[in-house]
Amino acid sequence: MCGHCCSAPLLDQVPVSLIPCLDSKVTMEAGGLPLELWRMILAYLHLPDLGRCSLVCRAWYELILSLDSTRWRQLCLECTECRHPNWPNQPDVEPESWREAFKQHYLASKTWTKNALDLESSVCFSLFRRRRERRTLSVGPGHEFDSLGSALAMASLYDRIELFPGVYEEQGEIILKVPVEIVGHGKLGEVALLASIDQHCSTTRLCNLVFMPAWFSPFMFKTTSGHIQFDNCNFENGHIQVHGPGTCQVKFCTFKNTHVFLHNVPLCVLENCEFVGSENNSVTVEGHPSADKNWAYKYLLGLIKSSPSMLPTEDSDSLMSLDLESRDQAWSPRTCDIVIEGSQSPTSPAATSPKPGSKAGSQEAEVGSDGERVAQTPDSSDGGLSPSGEDEDEDQLTYRLSYQVQGPRPVLGGSFLGPPLPGASIQLPSCLVLNSLQQELQKDKEAMGLASSVQGCLIRKCLFRDGKGGVFVCSYGRAKMEGNIFRNLTYAVRCIHNSKIVMLRNDIHRCRASGIFLRLEGGGLIAGNNIYHNAEAGIDIRKKSNPLILCNQIHHGLRSGIVVLGNGKGIIRNNQIFSNKEAGIYILYHGNPVVSGNHIFKGRAAGIAVNENGKGLITENVIRENQWGGVDIRRGGVPVLRSNLICFGYSDGVVVGDEGKGLIEGNTIYANKGCGVWMMSSSLPHVTSNHVSYNGLYGVAVFSQKDGSGEFPGGHGAQENFSEDGDAILWEPELEKDDDPLRRPVTIALVESNSINHNGASGLYVQSSEALHVVTNVIHANGDRGITVAQSGQLTRVTNNSISCNRQSGVKVEAQCKVELRGNGIYDNRGHGIITKGDSTVVIENDIIGNRGSGLQLLPRSDTKVIKNRIHSFRAYGIAVRGRAKALVQENIIFQGKTSKTIFQQISNNRECILQNNKFLVFKKKSDTWRLVNPPARPHLESSIRGPSAAHSGQKVTAMATRITARVEGGYHSNRSVFCTIL
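Source: prediction; values computed, not measured.

> Would you explain the overall build of the protein in this entry?
Assigned secondary structure in the protein consists of 15 helices and 80 strands. Looking at the protein residue by residue over its 983 residues, the buried ones come to 59%. Contacts in the protein between residues far apart in sequence, at least 24 positions, make up 56% of those at least 6 positions apart. Approximately 38800 Å² of the protein is accessible, and the part contributed by carbon and sulfur atoms is 51%.

> So what exactly am I meant to see when it comes to the nonpolar core here?
When a protein is soluble and globular, its nonpolar side chains tend to lie buried together. Residues I161, L262, F486, I516, I539 and I562 are the most contacted members of the largest nonpolar core, which totals 127 residues. Of the residues forming this core, the biggest block, five residues, is contributed by strand 28 (residues 485–496). Among the nonpolar cores identified, the runner-up in size contains 14 residues, and L50, C53, I64 and L75 belong to it.

> Explanation requested: the state of the cysteines in the structure shown.
In a disulfide, the sulfur atoms of two cysteines are held together by a covalent bond. Counted by the stated rule, this structure contains zero disulfides. Cysteine C233 shares no disulfide, and the gap to the nearest cysteine sulfur, in C253, comes to 4.7 Å.

> Just to check I follow, could you spell out the packing of aromatic side chains for this structure?
Centre distance and the angle of the planes are the two values used to describe a pair of aromatic rings. Counting across every chain of the model gives 16 aromatic pairs. Relative to F235, the ring of F230 has its centre 5.0 Å away and its plane inclined at 85 degrees; by these criteria the two rings are edge-to-face. Side by side, F230 and F235 carry an identical accessibility label, which is buried. On the numbers, 5.6 Å between centres and 80 degrees between planes, the contact of F648 with Y670 is edge-to-face. Here Y670 lies in strand 51 (residues 668–670) and F648 lies in the loop between strand 48 (645–647) and strand 49 (654–656), a separation of 22 residues in the sequence. Look at Y670 and you get buried, because its relative accessible area is 2%. Counting every residue linked through ring pairs, the aromatic cluster contains F211, F221, F230, F235, F255, F275, F464 and F486. Taking the ring centre of F219 as reference, the NZ or CZ of K222 above it sits at 5.6 Å.

> I tried to follow helix 3 (residues 58–65) on my own but got confused; where do I start?
For an α-helix the count is 3.6 residues per turn, leaving residues at separations of three or four pointing the same way. Within the span of helix 3, buried status applies to W60, L63 and I64. Take helix 3 and look down its axis: the buried residues cluster within an arc of 100 degrees, on one side only.

> Looking at this structure, I do not really get the packing of helix 1 (residues 35–42) against helix 3. What am I missing?
When two helices pack together, you describe them by how their axes are tilted relative to each other and by the distance separating the axes. Two elements in contact, helix 1 and helix 3, have axes whose closest approach is 10 Å; the angle formed by their N-to-C orientations is 70 degrees. In terms of orientation, helix 1 and helix 3 fall into the roughly perpendicular class. As helix 1 runs across helix 3, the sense of the crossing is right-handed. Of the residues in helix 3, those in contact with L35, W38, R39 and L42 of helix 1 are W60, L63 and I64. Among the residues making up the contact of helix 1 with helix 3, the classes are represented as six nonpolar, no polar and one charged.

> How should a nonpolar patch on the surface be read in this particular structure?
Judged by side-chain polarity, L33, L37 and M40 come together as a nonpolar surface patch covering roughly 260 Å² of accessible area. In this fold, L33 is placed in the segment before helix 1. Accessibility expressed as a relative area gives 32% for L33, which makes it partly exposed.

> Just checking my understanding: could you explain unusual backbone geometry for this structure?
With glycine set apart, most residues show a phi of negative sign, and most peptide bonds adopt trans. Put simply, G244 and P245 share a cis peptide bond, and its omega is 10 degrees. Checked against the element boundaries, P245 lands in the loop between strand 13 (239–243) and strand 14 (247–251). A cis amide bond, omega 0 degrees, links R938 with the succeeding residue P939. The backbone of S753 shows a phi angle near 60 degrees, a positive value even though the residue is not glycine. Within the fold, S753 resides in the loop between strand 56 (749–752) and strand 57 (755–757). Assessed through its relative accessible area of 1%, S753 is described here as buried.

> Sorry, what's going on with the confidence of the model for the protein here?
Low-pLDDT portions of the prediction should not be read for the details of their coordinates. Of the residues in the protein, 72% reach a pLDDT of 70 or more, and the chain-wide mean stands at 78. Within the protein, strand 33 (residues 530–532) carries the highest mean pLDDT (98), whereas strand 80 (residues 956–962) carries the lowest (30). Note that residues 1–31 has pLDDT below 50 and, in this model, 48 contacts with residues that lie over four places away or in other chains.

> Would you take a moment to explain the environment of N892 for this structure?
With respect to the helices and strands, the residue N892 is situated in the loop between strand 74 (886–890) and strand 75 (893–895). Considered as a pair, N892 and F920 are 28 residues apart in the sequence and their alpha carbons are 8.3 Å apart. Beyond its immediate sequence surroundings of up to four residues, N892 is in contact with V866, I867, K868, N869, I871, N917, N918 and K919. A distance of 2.9 Å separates polar atoms of two side chains, one belonging to N892 and the other to N918.

> Could you clarify how one ought to interpret the pattern of salt bridges in this entry?
Between side chains of opposite charge, a pair can form when the charged atoms approach closely. For the coordinates displayed, the defined rule picks out 31 salt bridges. Here E181 and R160 are joined by a salt bridge, their closest N and O atoms 3.4 Å apart. Of this pair, E181 sits in strand 5 (residues 180–184) while R160 is found in strand 2 (residues 159–163), placing the two residues 21 residues apart along the sequence. The partner of R822 in a salt bridge is E820, and the shortest N-O contact between them spans 3.2 Å. Note on R822: relative accessible area 31%, which makes it partly exposed. Classification of E820 as buried rests on a relative accessible area of 13%. Through salt bridges with shared partners, a single network forms among R134, R160, E162, E181, R205 and D231.

> In this structure, what is going on with the pairing of strand 17 (residues 267–271)? I would like to understand it.
Sheet faces and side chains relate simply in a regular strand, where the side chains alternate between the two faces. Of all five residues in strand 17, five are buried, a share of seventy percent or more. Both faces of strand 17 are covered, namely the face carrying L267, V269 and E271 and the face carrying C268 and L270. Pairing analysis gives four bridges linking strand 14 to strand 17, with the strands arranged parallel. Residue pairing across strands places C248 opposite C268, the latter belonging to strand 17.

> Would you mind showing me how to read the environment of R830 here?
Along the chain, R830 turns up in the loop between strand 66 (825–827) and strand 67 (834–836). For the pair R830 and G853, spaced 23 residues apart in sequence, the C-alpha to C-alpha distance is 6.8 Å.

> Help me understand the pairing of strand 32 (residues 523–527) in this model?
Within strand 32, five of the five residues are buried, which leaves the element mostly enclosed by the surrounding structure. By the alternation rule, side chains of strand 32 split into G523, L525 and A527 and G524 and I526, which are all buried.

> Whenever I open this one, the environment of V285 confuses me. Can you help?
Position of V285 among the secondary structure elements: in strand 19 (residues 281–286). Residues V285 and V473 lie 188 residues apart in sequence; the distance between their C-alpha atoms is 4.7 Å. In this view, V285 contacts L262, C457, F472, V473, C474, G477, R478 and A479; residues no more than four positions away in its chain are not counted.

What counts and what doesn't
- Residues numbered from 1 in each chain as written.
- Predicted model: local features only at pLDDT ≥ 70, side-chain atom pairs only at ≥ 80, totals over all residues.
- Heavy atoms only, no water.
- Helix = DSSP H or I, 4+ residues; strand = E, 2+ residues; numbered from the N terminus.
- Buried < 20%, exposed > 50% of the residue type's maximum accessible area, 1.4 Å probe, protein only.
- Contact = heavy atoms within 4.5 Å.
- Areas by Shrake-Rupley, 256 points an atom, 1.4 Å probe, with all protein chains shown as cover.
- Core = buried A, V, L, I, M, F, W, Y, C linked by side-chain atoms within 4.5 Å.
- Disulfide = S-S within 2.5 Å.
- Phe/Tyr/Trp six-rings, centres within 6.5 Å; stacked < 30°, edge-to-face > 60°.
- Lys NZ or Arg CZ within 6 Å of the ring centre and 35° of its normal.
- Arc of directions from axis to C-beta.
- Axes fitted to C-alpha atoms, helices over the stretch in contact; angles between N-to-C directions.
- Parallel < 35°, antiparallel > 145°, perpendicular 65-115°, else oblique.
- Left-handed = near helix turned anticlockwise from the far one by under 90°.
- Nonpolar A, V, L, I, M, F, W, Y, C, P; charged D, E, K, R; others polar.
- Patch = residues over 30% accessible without salt bridge, like charges linked within 9 Å, V, L, I, M, F, W, Y side chains within 5 Å.
- Salt bridge = Lys/Arg side-chain N within 4 Å of Asp/Glu carboxyl O.
- pLDDT = per-residue confidence, 0-100.
- Polar contact = N/O pair within 3.5 Å; in protein donor to acceptor, adjacent residues only side chain to side chain.
- Pairing = 2+ DSSP bridges.

The structure is reproduced here in structure tokens:
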């Protein structure tokens, strides 16, 4: 091969005295020539001579290797049978070793002759063979033959046919009956062949030719059983067809509007090729790989295994390069924390409350229309609420009261999240840190097996551009794609009808539809790819397809990052999905993927949207900085949302809209500008064991009214056309039985075992006409009330919750609401413990202690039953009845406050207020200490929490011996979701 590749002087032109004999033991002595001079001399040698010199001794071997950037580079670039090793994707990037690149091409170019050795080693040939040199037959004007056909008629086994510059048009189909090598002489493009070739022999090699179809057939080449090798050829406006057990090896070729059809091939290698301007698919892989393999299969497999691997290593596993627009937004897979950017959060202390001792704490009292009072002086008419109680000296207090306050629960692997401050960072636990592709493959043996497998068609380092389709795999086909670039196509890859693909480290961008499309039970491994700027979804999964999508970057799409619909499945793990125009992951029409360990951020819509009866198990993802809800569930969506970090969103953390359902469990919902969770009670969501903190509005907001028209920005509400062929979407016949064991039936909207703290407005806001259960939550230190029930057409049960240290009242019940409060601990709130206007409020067996306003305030026209509670207010009244309130106050224990006047207050003689069997406790001496025993301080969460998240979510219980003071501050917050305000 290389005798034709270089025009350097022959070996005998170098002085003989400078060239050692092969069998001599020459070494580089100190008195010999300098190494630089040796390199200059050796730069004139041909490939065979370089090989002989490298066998002299170790020093000469190393000297030959040192010629990598000079002689080896020259040999590689001057060879007419190959191109730059990184062509066509990175022609400006030099390989790691020119010698190794040249070696790989040299070995590959000899594959087609391997069966000649098998023939020569057979018994029959070893007895009777007569060794014959290969002939070279010349074709062209003035040469031995005028046409290719006439040369083939005279060719013998493994002869070389050289076509000299010109255009050769064959008028009939050419049948290759003996193995031959057909090579164009001169530069690529000087020899054009218009022919239709049908290979009937065991092997053939075609090199340095321009192929065009003959006038009578679109097929330029086809074979059914033999091996065909193309090197450095151009194909224009035709078809190439290979049927199994035939094999093919294609390298450094350009296909212009040419279709390569591979049917049942056991193995085919397309490497360093360019596919341009296809009117259909560039490559079609159809049918399961044939079990019947020809002679070349084992040699191709050996060649693939000996070539440099595309599988990642710890040293090489880094992000693929992005374009300038996206490079500054890339998130390293080794990132272990989240840096908080931008201005100070509205929920941070500087933005939400004045500091103790500020001027805001010394102004006159303000009374709101609902009876809540912001009292600023000890002589205030409602009982002398003081804003400065925490500054009083200890000796001014008359007693102590011992009780318990349930504080925020630890999250993120046992840590606590503080207020979001600019420049701060959140340290992620190991379960939320992105792994490298190598780490993922090492812990997932099935994925490693897929990544290492080679079956069917191998396409690597190729460029597909400016056409309709890239690779189409169908009917149980198998294809592996490594290190390719797909750009400016209608789609990059389609996988349908039980086919399997393996895609590693490809670059897919600017497709006019989806980048990768799987349907009809397609599957495989899609790992380490860079998928961006596509007009539709980066990856589209439907109709029972079930791929493993691992460690990809999917970003800057004009629609969603990944779409799963029509009973599509899949495992979507450890990907970076960011800056897409619609949802990062969109699940609908009974799509049911497993979504875990992904980082989904900076999207212009929701992070994850589950719509139109979509399902899915969504666990341990980081969903941050999205324009809409971190997770948006609507129209029959019923996912399991578990153990995710949903933070820094520009709207709500989780939105459960009209007809949305699902289990929302064990998530950390942090520092979103809207609500932590915004949901509709009619959808019957189950919200349990979440940590909801530092969100700008409500921690959890429950509504029942419709949240706007059926139109939603970004297509989430509109009926999108997800039908590939434009037909109506009729998924119902394909529905699978819903027997998911992760979901237990819920008949009433349930907010259970959550830690809701430090949110900008109320911890829980209810404006609903449906029933609601609020059970075993910790509602702590929110910027407004702990719980606000603004509307409750059916019964809202608030049971076994800890409601403490909120900026206003612990619980407020508006008029015409039906609420039952049972077994709660309501402590240390800066307003009243409970304030109610409700016409059917039941307050039973609660501990209402240490609040700065009244323990319980009953406003005019309210109807309340107060039974078996323990109530105390240090400065205000234990129970205050205002106006014509209707009440039954029975069997309560009411502790004395600072004075004997702080036990019970009734503004007027109200016969509708009935007091029965209450116990009033008064201090006898200063050293008295009361304790809440028999039963101990409520709530009793240890016996109430249930579910899988309770064990690991934990709770922080702080025993306190505290002073009892109170301050109430007013505030107003919109009662609508930020998402709905946009609508």
